[in-house]
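Close look at the chain arrangement
What follows is each chain in one-letter form.
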Amino acid sequence: MPEAQTIRRIGILTGGGDCPGLNAVIRAVTKAALNDHKWEVFGIEDGLLGLIVGRVRQLQSPDVSNILTRGGTILGTSNKANPARFAIAMDDNNNPIFEDVTDRVIENYRAFKLDAVVLVGGDGTMTAAASLMDRGFRAVGVPKTIDNDLACCELTFGFLTAVSTATDAIDRIHTTAASHHRIMLVETMGRNAGWLTLYAGMAGGADVILIPEIPFDVQKIAHECRERMHRGRSSTIIVVAEGARPTSGEQTIKQIVKDSHDAVRLGGVAERLADQLAELTNLETRSVILGHTQRGGSPVAADRVVATQFGHAATDLLAAGKFNRVVVMQNNRITDVGIHEVAGKQRLVPHDHPLIRAARSTGVTFGD
Ligand code: F6P
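Residues numbered from 1 in each chain as written. Predicted model: local features only at pLDDT ≥ 70, side-chain atom pairs only at ≥ 80, totals over all residues. Heavy atoms only, no water.

1. Re the pattern of salt bridges
Applying the stated criterion across every chain, the model contains 18 salt bridges. With a closest N to O distance of 3.4 Å, arginine 9 and glutamate 40 form a salt bridge. One end of the pair, arginine 9, is in strand β1 (residues 9-14); the other, glutamate 40, is in strand β2 (residues 40-44), with 31 residues separating them in the sequence. Note that arginine 57 is salt-bridged to glutamate 45, the shortest N-O span being 2.9 Å. Of this pair, arginine 57 sits in strand β3 (residues 56-59) while glutamate 45 sits in the loop between β2 and α2 (48-53), and the two are twelve residues apart along the sequence. (Salt bridge = Lys/Arg side-chain N within 4 Å of Asp/Glu carboxyl O. Helix = DSSP H or I, 4+ residues; strand = E, 2+ residues; numbered from the N terminus.)

2. Comments concerning the nonpolar core
With 96 residues, the main nonpolar core has Ile10, Ile12, Val118, Phe137, Phe157 and Leu318 as its most contacted residues. No other element matches helix α5 (residues 159-180), which puts eight residues into this core. Built from parts of two domains, this core gets at least three residues from each of domain 1 (4-157 + 299-342) and domain 2 (162-296). Apart from the residues lying within four places of it in its own chain, the contact partners of valine 118 are Ile10, Gly11, Ile12, Leu13, Val29, Val140, Val142, Ala314 and Leu318. Core analysis: the next-biggest nonpolar cluster, separate from the first, contains 19 residues, Leu185, Leu210, Ala274 and Leu283 among them. (Core = buried A, V, L, I, M, F, W, Y, C linked by side-chain atoms within 4.5 Å. Buried < 20%, exposed > 50% of the residue type's maximum accessible area, 1.4 Å probe, protein only. Domains from an automatic or database assignment. Contact = heavy atoms within 4.5 Å.)

3. Details of the domain arrangement of the protein chain
A common way to report how large an interface is uses the accessible area buried once the components associate. The domain boundaries assigned to the protein chain delineate domain 1 (4-157 + 299-342) and domain 2 (162-296). Domain 1 and domain 2 are separated by 33 Å when their C-alpha centres are compared. Tallying the contact residues gives 21 residues for domain 1 and 17 residues for domain 2. Contact with domain 2 buries surface across domain 1, with Lys80, Ile146 and Asp147 losing the most and accounting together for 33% of the total. (Buried area = accessible area lost by both parts, 1.4 Å probe.)

Next comes the structure, spelled out in structure tokens:
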């Protein structure tokens, strides 16, 4: 293994969907690298795309001042830049033509004289990185995603901000639901994982929470809504994950992004379910999709702290010569695991998770 002292210049990139706290990591990595280690730091623009096309800029302290509280990423990001399968053009039928551009990434990595790269990303970025490691690319991963679905990591930064944003929206929906005696559905993000929906649903006092891990029966949900009305509850709040699906059906797909690493974009289940429930219950029903509002805005305090700790831990790993590792949170402590342990895996909500049990005993229905 190469020695830690070989590090002089590091790169940092943010890949995949943006999330609150990315700038806090960029700031922490840059400041720790400059202050503690006297390394040079280069910001790679638009995720791995910057390494494919060679777009890199040096970062100094002033570049990362006043960004701790800012959402998004000052480096830009991309969820289409998988070097092993990169869309170089579109064919006559508007289908992407893919090419393996790993060589270009390795060439640029060497041309910019980078000794290692901090990859701030989710599953897609870690999977792409795993395929570069065998080519002498040295990386340390920092996990981000509002979905909180990265394997081996119990908390990714961005998640708590998204929970807070979604909860705030659900709180606001309560008033209209109660005033108009309606069933109101709120659709949250999260891909195939129900963490965001479960937390926001519980925090927002949802009556029904629908997550991808527990397929729902629409008849049972309709029954619950009617029962509630009979018990004198004039409204029902349903928080539904974009990835939730009926027991006898599929997830609702909104869009296929052909040149993206993970082409399927989920969305629309709330509207579909609202139509079905209106018909089954004769109750007035409305749906709201929170969408990308959940990824935006300033990170909450806890995310700023975790993101800073993760960034600092990444520089510790580099200084210790521990490459191809991902910083993770386990048992409330920061540690690290191999990138291969994380790549291509999702952390889903177990059916017997304590939060599910707590929610059920406080009267929440999961539609099962
Ligand atoms: O992974 C984060 C996430 O926001 C998911 O919750 C969602 O399914 C997806 O990204 C949306 O991606 P895009 O920004 O490409 O529409």
